[in-house]
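Chain by chain, the residues run as shown.
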Amino acid sequence: MMVRNYTCFIVDDEDLIIQRLELFFNDLSLRDRRFLLVGKANNGLDGIEEIVKLKPDIVISDIVMPRMDGISMIEQLKPALPHTQYILLTAYSSFEYAQRAIQANVLEYIVKVPLRETDLDRALDKAAGILNEVKKKEAEFQSLNVSVLENKYRVRKQFFNELIRGEIPSHRASDFANRMQFHFFQANYCCFIVEMNLYESFRNEYAAADQNILKYAMTNIIEETVMNGGIGVAAELSDNRFIGFLSWENNRSDMETEYACQSLGGQIISHLHQYLNQRVSVAFGGPHRGWESIKQAYTEAKNVSDDFYYHTEKVLKTPVHRFQYHNDRKEDVQQKLADFLAWVKRNISKEELEKEFADLNQFVTDHKIQKSIMAPMLRDLYRDITLKFKSGNKLTTEVAEFPIEFMTFREQLAYIVDFTFEYVHAGQLVHRAEIMLAMQFIEKNLKQRLTLEAIAEEVNLAPSYFSSLFKKTMNEGVISYINRKKIQLALELLNVQDYSLLELCEEVGIVNEGYFCKLFKEYTGDTPKQYRIKMTRYESK
């Protein structure tokens, strides 16, 4: 078990007492390394300013000081630093001071003339014990909260999946809803689907545990957004999809319902991008009422979400904005794909490939065929390209299955373009150079907020294909690689001088301080504060 460190701060208007306490902490560091002196002040006003900035675990303060006495200082600090422990030093045995110290919940009340080290040792040990208990209770409470929420969302996920598959009869659904306090399904509601964009890249970039954490956070944000605008619920559905319900009590016109859906969908898209940097699209079904209609409500929303296949990202769809499909043009599309396969040859240029696929893209965009028909045709094209050039291909003997399920039409086309170019130029290692270029770009822009799309654009590859290629080449996802490099930069900076958490985040281009601390501890085993304390001790030896 790792021993916890405690930061300490001194406030006293007598220089001799401050010097005495500094000597005490110097000696203490030789026999008990838990306690580290991080600052000092000569009066209560200066003390407040420094203590709020440094947030020490333990404050040792005189009572009677100019400008502000010690107890008044503690009373002002308590709301901002409720867990900091306060030890008072005094040369006076006034009942008034003792009474105020008790009211301020001061830990110890030590006479400083003479100042005995045994009293200080005892007070610091007592403070450490209380701080440990506080941390333990906080950890238990946080763990309990997270566990309860995770279980709640896990149960919801299972419930809604079974419900939309028709595996739960309406009376059982109603009982479950009452237990979960879902009282709104008997009122008016509509179902909506939230679909993650660039999901194939997401799966390549994040470890399974991080994917689950992000999906859990997304569920929270979706539900909070729904609740802010009315009544409803949200749950993870499967893979890249979430299900939600927006409910309202009074009758609404079609126009009012459309406006409510547009407003909520826009907020969900905006909030998930703003808070988690996740791009999503949202599809709404029509209005319904009662438990018996839930499966139909979901089917409507799912059908609307099929239109995402011909969009890029951050799209909002409602039933009144559906595409018209031309499935009767299937044979024309098949002929175009067959013509392309006959045309493609070795050593073809990237520009020629992109022109051919631009023509195909335009034709299919003008005469849209449903995804259930179009996607398998592209999968077959991918397979036929590998068969055509397999003989003598030095690139690989086994080609991975085309990641068809979670890509839009344009993503699939772009993936096939990049794959075809790599495959017909097998043996020339063209993309190894592009991975090197990507790494150079990351190094050069490490202090910026880098995105997969920006890096892929820099090396002229489709994001989904670049993501797959990077992981295959480096055995590490792009985001994982960038984060590791950012933490290495943070360590280099901390080895040179002390930085506040905000300064470190700015230096390495990570906006969220909590996320930075999580990454830092994941890679080093310490928080930035703990790491710097260790470095300070190492430097002082």
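Our subject is the structure that appears above.
Our subject in this report is the structure included herewith. (Residues numbered from 1 in each chain as written. Predicted model: local features only at pLDDT ≥ 70, side-chain atom pairs only at ≥ 80, totals over all residues. Heavy atoms only, no water.)

1. Here's the deal with the packing of aromatic side chains
Part 1 of the reasoning: This structure, assessed with the given rule, holds 21 aromatic pairs.
Part 2 of the reasoning: Taking the centre distance of 5.2 Å and the plane angle of 45° together, the rings of Phe-202 and Tyr-206 count as tilted. By the burial criterion, Phe-202 is buried, and Tyr-206 matches it.
Part 3 of the reasoning: Taken together, the ring pairs in this structure connect Phe-159, Phe-160, Tyr-189 and Phe-245 into an aromatic cluster.
Part 4 of the reasoning: The lysine or arginine in question, Lys-336, covers the ring of Phe-363, its NZ or CZ lying 5.2 Å from the ring centre. (Phe/Tyr/Trp six-rings, centres within 6.5 Å; stacked < 30°, edge-to-face > 60°. Buried < 20%, exposed > 50% of the residue type's maximum accessible area, 1.4 Å probe, protein only. Lys NZ or Arg CZ within 6 Å of the ring centre and 35° of its normal.)

2. Describing the nonpolar core
Note on soluble globular proteins: their nonpolar side chains tend to be buried together.
Part 1 of the reasoning: Core analysis: the largest hydrophobic core is formed by 70 residues, its most contacted members being Phe-357, Leu-378, Ile-455, Phe-466 and Phe-516.
Part 2 of the reasoning: The residues contacting Phe-357, other than those within four sequence positions of it, are Phe-340, Leu-381, Leu-413, Ile-416 and Val-417.
Part 3 of the reasoning: Core analysis: the next-biggest nonpolar cluster, separate from the first, contains 28 residues, Phe-192, Ala-260, Leu-276 and Ile-479 among them. (Core = buried A, V, L, I, M, F, W, Y, C linked by side-chain atoms within 4.5 Å. Contact = heavy atoms within 4.5 Å.)

3. Section: the environment of Tyr-465
Part 1 of the reasoning: One can find Tyr-465 in helix 17 (residues 463–474).
Part 2 of the reasoning: By relative accessible area, Tyr-465 is classed as buried at 4%.
Part 3 of the reasoning: With 62 residues separating them along the chain, Tyr-465 and Pro-403 place their C-alpha atoms 9.9 Å apart. (Helix = DSSP H or I, 4+ residues; strand = E, 2+ residues; numbered from the N terminus.)

4. Points about the sheet that holds strand 4 (residues 85–90)
Part 1 of the reasoning: With respect to topology, five strands assemble into an open sheet ordered 2-1-3-4-5, the strand pairing being parallel. On the outer flanks of this sheet lie strand 2 (35–41) and strand 5 (108–111), each paired with one strand and no other. Neighbour-to-neighbour, the strand axes of the sheet open up by a mean angle of 20°, direction not taken into account.
Part 2 of the reasoning: Bridge analysis of strand 1 (residues 6–11) against strand 3 (residues 58–62) gives four bridges, and the strand direction is parallel. Counterpart to Ile-10 in the pairing with strand 3 is Ile-60.
Part 3 of the reasoning: Contacting strand 1, strand 2, strand 3 and strand 4, helix 1 (residues 15–31) crosses the sheet at an angle of about 165° to strand 2.
Part 4 of the reasoning: Each of strand 1, strand 2 and strand 3 touches helix 2 (residues 44–54); the most contacted strand, strand 1, lies at about 165° to it. (Pairing = 2+ DSSP bridges. Axes fitted to C-alpha atoms, helices over the stretch in contact; angles between N-to-C directions.)

5. Concerning helix 19 (residues 501–508)
Part 1 of the reasoning: Residues of helix 19 that are buried: Leu-504, Cys-505 and Val-508. For helix 19, the angular spread of buried residues about the axis comes to 100°, placing them on one side.
Part 2 of the reasoning: In the stretch just after helix 19, Gly-509 is the one whose phi turns positive, near 75°. (Arc of directions from axis to C-beta.)

6. Digging into the packing of helix 18 (residues 478–496) against helix 20 (residues 513–524)
Part 1 of the reasoning: Running from amino to carboxyl end, helix 18 crosses helix 20 at an angle of 85°, the nearest separation of the two axes being 10 Å. Judged by the angle between their axes, helix 18 and helix 20 are roughly perpendicular. Residues Ser-480, Asn-483, Arg-484, Ile-487, Ala-490, Leu-491 and Leu-494 of helix 18 lie in contact with helix 20, whose contacting residues are Tyr-515, Phe-516, Leu-519, Phe-520, Tyr-523 and Thr-524.
Part 2 of the reasoning: Partitioned by chemical class, the residues of the contact of helix 18 with helix 20 number nine nonpolar, three polar and one charged. (Parallel < 35°, antiparallel > 145°, perpendicular 65-115°, else oblique. Nonpolar A, V, L, I, M, F, W, Y, C, P; charged D, E, K, R; others polar.)

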